[in-house]
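Observations on the three-dimensional arrangement
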Amino acid sequence: MTQTLTHFIGGQYVDGESGRFGDVFNPATGEVSGKLAYASTAEVDKAVQNAKAAQEAWGAMASPKRAAVIFRMRELMVQKREALAEAMCKEHGKTRPDALGEIQRGIDVIEFAAGIPHLIKGEFNPNVGGGIDLYSIREPLGVVGGVTPFNFPVMIPLWMGVMAIACGNAYVNKPSERDPSAPNMLAEMWKEAGLPDGVWNVVHGDKEAVDALLHHPDVPAISFVGSTGVGEYIYHEGCAHNKRVQAFCGAKNHMVIMPDADLDQAVDALVGAGYGSAGERCMAISVAVPVGKETSERLVEKLAPKVQGLKIGPWNDPDADINPLITRQAKERVEGLIQRGVDEGASLLVDGRGAALQGYENGYFVGGTLFDQVKTDMEIYKTEIFGPVLSVMAPSTYEDAVDMINAHEYGNGVAIFTRDGDAARSFTAAVDIGMIGVNVPIPVPMAFHNFGGAKRSKFGDTQMHGPESIRFFTKMKTVSSRWPSGIKEGHQLAFPTND
Ligand code: NAD
């Protein structure tokens, strides 16, 4: 049975008025599960106006009171995590344990945001000269927009939205049109947690809705997560409209395996980081870089049978390792790239094309795929595949590995597996990458640190969650204050100093 999904504005669901709808699919079966309303510019404006009206009182509320609402949301997240996971999995396709991990990472940021009274503290400098006390305070920006991707439909709307509202802003989320149910559930849960209506809104849709946020005069900041092409557009278009923009984008993450690494550990790490969530993670490892021929041969010998043994399956199959891809187009694209790799001369050790599962014949499954002998000029190396495809390339030296990583256009994450502390230390300094793992394959920082890539994996200065998010979602005011008893007699025409 298909359901109609619509926007959540001003604390309630509102019917879509644009007349434009899109289908939502169950990726495991290929069946349509819902019909989603796509917002027009006027509907986005309605959401922004609701948010603007609500923001005034919310932004003026004492920060410990805002924190109390965030605490209640944390409890609801814990209580409802199974229902949230199910809503997400049915539209995204990811497995239940993977969904629960995503939800936990969202809860982590909620817990961090509950410390907002401490996080948002300003600076005070008594008597900087002439009896003047100087202090800085952080104030909310107003209404902020969050444009989010399909691959983390709970975690990413929370990563940006919780920090935005903790700082006293109102938030308008434009989630992915592929898996809109979980973002809607979040909005309902915020209402239940006691968040005033209008502080957390959800508008659905496509480019029209995103452009309406980008061009809206009452939206001073946009946080985006998604592909590099779209992120670059959003960054430039937002900046051209005088907005503060941060855009977290695509990736190609390498994992270097040094000759001294524990190969069993490295292989397990590659399987988890390469094939978890079917490779549809911006922090997935998509290139294994064993240093030297011998390391490469030993690695591939251990890795190939493990990849061959990975099972495809729907979200609720406890034995499933690899979930379906998000759309039929994504499956066709990934299969096309696999063929391109073969045509360009890479060695296809495990071929995940044609993966079939009884009862799920129309699902968007691609099985675990492993390439060896991949070269830097091949499309499968240059492109973010976003599927369960791992490439092995074996430079002869550590220095060549570092040069290769630094020459790639993306710079989101990277890992090194080694027992050599010197090599690890030199690696962390040498690579131009935002997030680095030493014997950690998916180095996604915890909520109280910052998240973000480098090069064309990120546009804008600030990072997500952690202390940087407070900077992104607030503006600073600096006040010079003196009491009349400190004022000297007579006027002063020269530029003021601290004399
Ligand atoms: P996407 O770029 O297709 O969509 C992201 C958002 O942008 C969605 O809300 C979508 O509706 C909107 N959008 C799509 N086309 C648009 C257009 N032409 N104009 C304006 N808005 C548009 O990304 P996706 O397929 O949903 O997500 C996968 C991508 O996201 C991958 O590239 C992945 O690496 C990236 N990602 C990056 C991070 C990170 O933190 N760096 C995290 C998760 C995902």
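Relevant structure appears above.
Every value quoted in this text rests on a predicted model; they were computed, and no experiment measured them.

**As for the site of the ligand**
By nearness alone, 26 residues border the ligand, and K174, E177, S227, C249 and E384 come closest of all. Side-chain polar atom of K174 to an oxygen atom of the ligand: 2.7 Å apart, as the coordinates give it. Contact distances for the ligand include 2.6 Å between an oxygen atom and a side-chain N or O atom of S227. Protein burial of the ligand: of its 850 Å² of free accessible surface, 86% is covered by the chains. Broken down by secondary-structure element, the contributors of at least two residues to the shell around the ligand are α8 (207-215) and β11 (221-225). Considered class by class, the residues forming the shell around the ligand number 14 nonpolar, eight polar and four charged. When residues of the shell around the ligand are assigned to domains, at least three fall in each of domain 1 (3-249 + 457-479) and domain 2 (253-438).

**Section: the side chain of E280**
The residue E280 is located in the loop between α10 (263-275) and β14 (285-290) in this model. Buried charge without a salt bridge: E280, with K94 as the nearest opposite-charge side chain at an N-O distance of 7.7 Å. A polar contact is formed between the side chain of E280 and the backbone nitrogen of I326, at a distance of 3.1 Å. If we skip the residues at most four places from it in the chain, E280 touches H92, F150, N151, N323, P324, L325, I326 and F386.

**Brief notes about the nonpolar core**
M77, L84, V154, L158, W190 and W200 are the most contacted members of the largest nonpolar core, which totals 66 residues. Element by element, the count of residues in this core is highest for helix α6 (residues 155-166), at ten residues. Taken domain by domain, this core gets at least three of its residues from each of domain 1 (3-249 + 457-479) and domain 2 (253-438). Excluding anything up to four places from it in sequence, L158 contacts M77, G106, V109, I110, M163, L186, W190 and W200. Listed in part, the 63 residues of the second largest apolar core include A28, V300, V366 and Y381.

**Focus on unusual backbone geometry**
The phi dihedral of Q373 is positive, around 60 degrees, even though this residue is not glycine. Backbone geometry at N439 places phi at a positive 60 degrees, although glycine is not the residue there. Note that N439 resides in the loop between β20 (435-438) and β21 (454-455).

**Describing the pairing of β20**
Only one face of β20 is covered, namely the one carrying M435 and G437; the face carrying I436 and V438 has none of its residues buried. The handedness of the strand β19 (residues 413-417) to β20 crossover, carried by helix α15 (residues 421-430), is right-handed.

**What about the packing of aromatic side chains?**
Applying the stated rule across the entire model yields ten aromatic pairs. An angle of 25 degrees between the planes, with centres 6.2 Å apart, marks the rings of F124 and Y135 as stacked. Highlighted residues: F124 in strand β6 (residues 123-129) and Y135 in strand β7 (residues 132-140), separated in sequence by eleven residues. The class for F124 is exposed, based on a relative accessible area of 53%. Of the residues examined, Y135 reaches a relative accessible area of 30% and is grouped as partly exposed.

**Observations regarding the environment of L158**
Looking at where L158 falls in the secondary structure, it is placed in helix α6. Considered as a pair, L158 and F472 are 314 residues apart in the sequence and their alpha carbons are 15 Å apart.

**Here's the deal with the sheet that holds β7**
Pairing is antiparallel in the open sheet, where three strands are placed in the order β6-β7-β23. The sheet is open, and its two edges are formed by β6 and β23 (474-481), each paired on a single side. Strand-to-strand twist of the sheet, defined as the mean angle between neighbouring strand axes without regard to direction, takes the value 25 degrees. One ladder, built from four bridges, connects β6 with β7; its direction is antiparallel. Note that in β7 the partner of N125 across the bridge is L134.

**So, helix α12 (residues 328-343)**
A turn of α-helix holds 3.6 residues, and therefore any two residues three or four places apart point the same way. Helix length check: α12, at 16 residues, gives a terminal C-alpha distance of 23 Å against a target of 22 Å (1.5 Å per residue), a fit within 8%. Burial in α12 covers these residues: A330, K331, V334, E335, L337, I338 and G341. Considered in projection along α12, the buried side chains sweep an arc of 155 degrees and stay on one side of the axis. With respect to the buried face of α12, the exposed residues turned more than 90 degrees away are Q329, E332 and D343. Among the structural elements, β15 (347-350), β16 (369-372), α13 (379-382) and β17 (389-392) are those in contact with the buried residues of α12. Note on α12: the residue one or two positions beyond its end, G345, has a positive phi of about 100 degrees.

**Focus: the pairing of β14**
The buried count for β14 comes to six of six residues, which makes it a mostly enclosed element. Sheet analysis places strand β13 (residues 253-257) next to β14, joined by five bridges and oriented parallel. Of the residues in β14, the one forming a bridge with I257 is P290. Taken together, β13, α10 and β14 constitute a β-α-β crossover, and its handedness is right-handed. Pairing of β14 with β17, which is carried by two bridges, proceeds in the parallel orientation. The partner of A288 across the bridge, within β17, is V392.

**Considering the packing of helix α2 (residues 63-79) against helix α4 (residues 96-113)**
Each packed pair of helices is defined by two parameters, the angle between the axes and the distance between the axes. Contact geometry for α2 and α4: axes closest at 9 Å, N-to-C directions at 160 degrees. In terms of orientation, α2 and α4 fall into the roughly antiparallel class. Where α2 crosses over α4, the two elements pack in a sense that is left-handed. When α2 is examined against α4, the residues I70, M73, R74, M77 and V78 are found in contact with a partner set consisting of I103, I107, I110, E111 and A113.

About the cut-offs
Residues numbered from 1 in each chain as written. Predicted model: local features only at pLDDT ≥ 70, side-chain atom pairs only at ≥ 80, totals over all residues. Heavy atoms only, no water. Near = heavy atom within 4 Å. Polar contact = N/O pair within 3.5 Å; in protein donor to acceptor, adjacent residues only side chain to side chain. Areas by Shrake-Rupley, 256 points an atom, 1.4 Å probe, with all protein chains shown as cover. Helix = DSSP H or I, 4+ residues; strand = E, 2+ residues; numbered from the N terminus. Nonpolar A, V, L, I, M, F, W, Y, C, P; charged D, E, K, R; others polar. Domains from an automatic or database assignment. Buried < 20%, exposed > 50% of the residue type's maximum accessible area, 1.4 Å probe, protein only. Lys, Arg positive; Asp, Glu negative; His and termini not counted. Salt bridge = Lys/Arg side-chain N within 4 Å of Asp/Glu carboxyl O. Contact = heavy atoms within 4.5 Å. Core = buried A, V, L, I, M, F, W, Y, C linked by side-chain atoms within 4.5 Å. Right-handed = clockwise from strand over helix to strand, strands pointing away. Phe/Tyr/Trp six-rings, centres within 6.5 Å; stacked < 30°, edge-to-face > 60°. Pairing = 2+ DSSP bridges. Axes fitted to C-alpha atoms, helices over the stretch in contact; angles between N-to-C directions. Expected span 1.5 Å × (residues − 1). Arc of directions from axis to C-beta. Parallel < 35°, antiparallel > 145°, perpendicular 65-115°, else oblique. Left-handed = near helix turned anticlockwise from the far one by under 90°.

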